[in-house]
Amino acid sequence: MIESKIRLRLSQADAHYGGNLVDGAKIMSLFGDAATEILIRHDGDEGLFVAYDMVEFLAPLYAGDFVEAVGRLEKVGNTSRKMIFEAYKVIEAGTDPARPYAARVLEQPLLVARASGTCVVPKGR
């Protein structure tokens, strides 16, 4: 099936809470972008997200972290498209005030969120 991957560095503008903590809405936005890419590749149409049936936030993300969001098309209906999503922290921003620009590549990407949901496209696509 079709897969979409988006990797980006979370910026200071993404930090929503004290301690540079990034809110879960940022991850949901990445999942939405992955879904849009999948729909365009599969149907030639951006479609619409109807609902998430499961969302789990498993670990925090902070400004400066690099995150990778992955979406996969799992099931194709008449007009519905069932998808699953995962987000991984792949680089962790440093927290040492003496070395504010330090960061480390994680040996294993850390699963920080997962979700599943349904999108729809116009009939006949």
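The rules we used
- Residues numbered from 1 in each chain as written.
- Predicted model: local features only at pLDDT ≥ 70, side-chain atom pairs only at ≥ 80, totals over all residues.
- Heavy atoms only, no water.
- Helix = DSSP H or I, 4+ residues; strand = E, 2+ residues; numbered from the N terminus.
- Contact = heavy atoms within 4.5 Å.
- Areas by Shrake-Rupley, 256 points an atom, 1.4 Å probe, with all protein chains shown as cover.
- Lys, Arg positive; Asp, Glu negative; His and termini not counted.
- Charge placed at Lys NZ, Arg CZ, Asp CG, Glu CD.
- Pairing = 2+ DSSP bridges.
- Axes fitted to C-alpha atoms, helices over the stretch in contact; angles between N-to-C directions.

Under the annotation held in an unreviewed UniProt entry, the chain carries the name 3-aminobutyryl-CoA ammonia lyase and is attributed to Laceyella sacchari.

Draft legend 1. Examining the overall build of the chain more closely. A tally of helices and strands in the chain yields one helix and seven strands. Taken from the N to the C terminus, the helices and strands of the chain come in the order β-β-β-α-β-β-β-β. Its C-alpha atoms give the chain principal-axis dimensions of about 60 × 25 × 20 Å. Taking the contacts inside the chain whose residues are at least 6 apart along the sequence as the reference set, 72% of them involve residues at least 24 apart. In the form shown here, the chain has an accessible surface area of approximately 7200 Å², with 51% of it arising from carbon and sulfur atoms. Mean positive and mean negative side-chain charge positions of the chain (15 and 17 charges, respectively) differ by 3 Å.

Draft legend 2. Here's a closer look at the sheet that holds strand β6 (residues 80-93). The strand order β1-β5-β6-β7-β4 describes an open sheet built from five strands, whose pairing is antiparallel. On the outer flanks of this sheet lie β1 (3-9) and β4 (48-57), each paired with one strand and no other. Recorded for the sheet is a direction-independent mean angle of 25° between the axes of neighbouring strands. Most of the contacts of helix α1 (residues 24-43) go to β6, to which it runs at about 130°, and overall it touches β1, β4, β5 (66-76), β6 and β7 (103-120).

Draft legend 3. Structural detail: the pairing of β5. In terms of strand pairing, β1 meets β5 through seven bridges, oriented antiparallel. Note that in β5 the partner of Ile6 across the bridge is Ala69. Bridge count between β5 and β6: ten bridges; the pairing is antiparallel. What sits directly across from Leu73, in β6, is Met83. Linkage of β5 to β6, two consecutive antiparallel strands, is achieved through a turn of three residues.

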